[in-house]
Amino acid sequence: MMSELNLKSLGKVGVLFGGRSAEREISIMSGTGVLQALRSKGIDAHPFDTAERSIAELAAEKFDRVFIALHGRYGEDGSLQGVLEQLNIPYTGSGVMASAIAMDKIFTKRIWQTHGLATPAYAVLTPETELRRVPDELGLPLFIKPPHEGSTLGITKVKGYSDMQEAYTLAAQFDEVVLAEEFVEGRELTVAILGKGKQAYALPITEIVAPEGNYDYQNKYFTDDTKYFCPAPLDQALTDEIRKMAVDAYLSLDCEGWARVDVLLRKSDNKPFLLEINTSPGMTGHSLVPMAAKAIGMSYEDLCVEILKTASLKIRSEVKK
C-alpha cells in the first residue's frame, strides 16, 4: 500500500458520478462511496456530476486524474473516455474502444465467440423481426434485454410466445436494437478483475442467490434478501477454470484497470457461460467488486486507492520529433 505521502502525489482527483444514464441513481451511490473512501485516505478528491456540469468545467478543474464512478451511457460507453483523452486527464478503467464494445452486449458476444469463449446463444431483434419465430430458435424460457443497459434495466424473462411483444416493447424503450438470449439454467456467478495485460488477475468468485432466482434492480441494490457467497462454494478446478475464463474475456476486449465479468454456471453439466462484462462496476454498499476484494483482505478504501492508482491515458501521444 502507498504511504500517506505517496497518496498525496496522486494530486487533485475528480470523482465523476451521476451522469445522464438510466443508472444515474446507482452512480450517485457509487460515487459518494468512492469520494468518501478517497478522502478518508487523505486524497484531495472532489465530486463532479457530469449531468450538472459541463466539459468546459471539467477542463477548468485541472484534475490530475479522475475516478470514473459512472454507469451506463455517457460514462461507461467510451464517450467520456474520449473526452478525457482529449483533455489529457488520466482516468480509471478501460479505454475508448474497450469501453464502447463492452457496453454493447451484442458486440461483446461476437468477440467472445471469435475467441472460443462460451456465451449463451442469442438473436438480434429489430422492428422487422418476426418475434414469434425467436423462441423456436432459442427455446423457452428466454431473456429479452436492451444491449446497452446495465443494472438489469429493461430485461424480461419470457416464458411463452405471447410474452414476446411486450418484452420487446419494453427493451426497445432503451435501445434501437434488442437482444434475445438463450436461458441457461444454473448458478449466477461474478468475477471481479483488476490490472492490465499479463498482470490482470481475478479476485475470488462471488455467487449470487436471489429470491426466486430474480436478481432484478430492486434485489440488486435495495433489499437484503439476496444472498452472496464469496468465495463461491466451487471445487478448485472449476474455480480456476472460471477465473481464467473471466480474465480471458476481459483481455479479449482489451479491458484494463478493473471490471466485473458475469458468468452463468449451467446446472446440467457445470459448464460456465459468459454473460456480460461491466467496465465501471457498482461501488455501492451492495456491490460485488468490494465484496470480492474484502475476501482477500482488501478494504473498500484500499480498493478505491488501488483502482485510482491505475488511472492513465490509453491513447499514445504522438512521438515528438
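Shown above is the structure to which this text applies.
Residues numbered from 1 in each chain as written. Predicted model: local features only at pLDDT ≥ 70, side-chain atom pairs only at ≥ 80, totals over all residues. Heavy atoms only, no water.

Novice: How would you sum up the environment of Tyr 122? Please name residues and give values.
Specialist: By the secondary structure assignment, Tyr 122 is in strand E4 (residues 122–125). Taking the C-alpha atoms as reference points, Tyr 122 and Leu 138, 16 residues apart in sequence, are found 7.0 Å from one another. (Helix = DSSP H or I, 4+ residues; strand = E, 2+ residues; numbered from the N terminus.)

Novice: Break down the pattern of salt bridges for me, citing the residues and quoting the values.
Specialist: As enumerated under the stated definition, the model contains 15 salt bridges in all. Across the pair Glu 181 and Lys 109 runs a salt bridge whose closest N-O atoms are separated by 2.8 Å. You can see Glu 181 sitting in strand E7 (residues 178–182) and its partner Lys 109 sitting in helix H6 (residues 105–114), a full 72 residues away along the chain. A residue is classified by how much of its surface remains accessible, and Lys 109, at 0% relative accessible area, is buried. A single network of salt bridges, built from pairs that share partners, joins Lys 12, Arg 53, Glu 57 and Glu 61. (Salt bridge = Lys/Arg side-chain N within 4 Å of Asp/Glu carboxyl O. Buried < 20%, exposed > 50% of the residue type's maximum accessible area, 1.4 Å probe, protein only.)

Novice: Hey, could you go over the nonpolar core for me, with residue numbers and the actual values?
Specialist: Residues Leu 189, Val 191, Ile 193, Leu 234, Ile 242, Leu 274 and Ile 277 are the most contacted members of the largest nonpolar core, which totals 33 residues. Breaking this core down by element, the ones donating at least two residues are helix H5 (96–103), strand E8 (186–195), helix H10 (236–252), strand E12 (257–266) and strand E13 (272–278). Here this core takes 7 residues from H10, the largest share from any one element. Contact partners of Leu 234, with chain neighbours within four places excluded, come to Arg 187, Leu 189, Ile 205, Thr 239, Ile 242 and Leu 265. Listed in part, the 28 residues of the second largest apolar core include Ala 192, Met 283, Tyr 300 and Ile 307. (Core = buried A, V, L, I, M, F, W, Y, C linked by side-chain atoms within 4.5 Å. Contact = heavy atoms within 4.5 Å.)

Novice: Run through the layout of surface pockets, naming residues and quoting values.
Specialist: A volume near 220 Å³ is recorded for the second largest pocket. As for the second largest pocket, its lining consists of 13 residues, of which Arg 20, Thr 50, Ile 55, Tyr 74 and Leu 80 are closest to the centre. When residues of the lining of the second largest pocket are traced back to their parent elements, those giving at least two are helix H3 (55–61) and helix H4 (79–87). The greatest single-element share of the lining of the second largest pocket, amounting to 3 residues, is contributed by H4. The residue inventory of the lining of the second largest pocket, partitioned by class, reads 7 nonpolar, 4 polar and 2 charged. (1 Å grid on protein atoms, 1.4 Å probe; cavity = no way out; pocket = protein on both sides within 12 Å on 5 of 7 lines; lining within 4 Å. Points joined across faces, edges and corners; volume = space filled by probe spheres on them. Nonpolar A, V, L, I, M, F, W, Y, C, P; charged D, E, K, R; others polar.)

Keep in mind that these numbers describe shape and distance, not what the molecule does.
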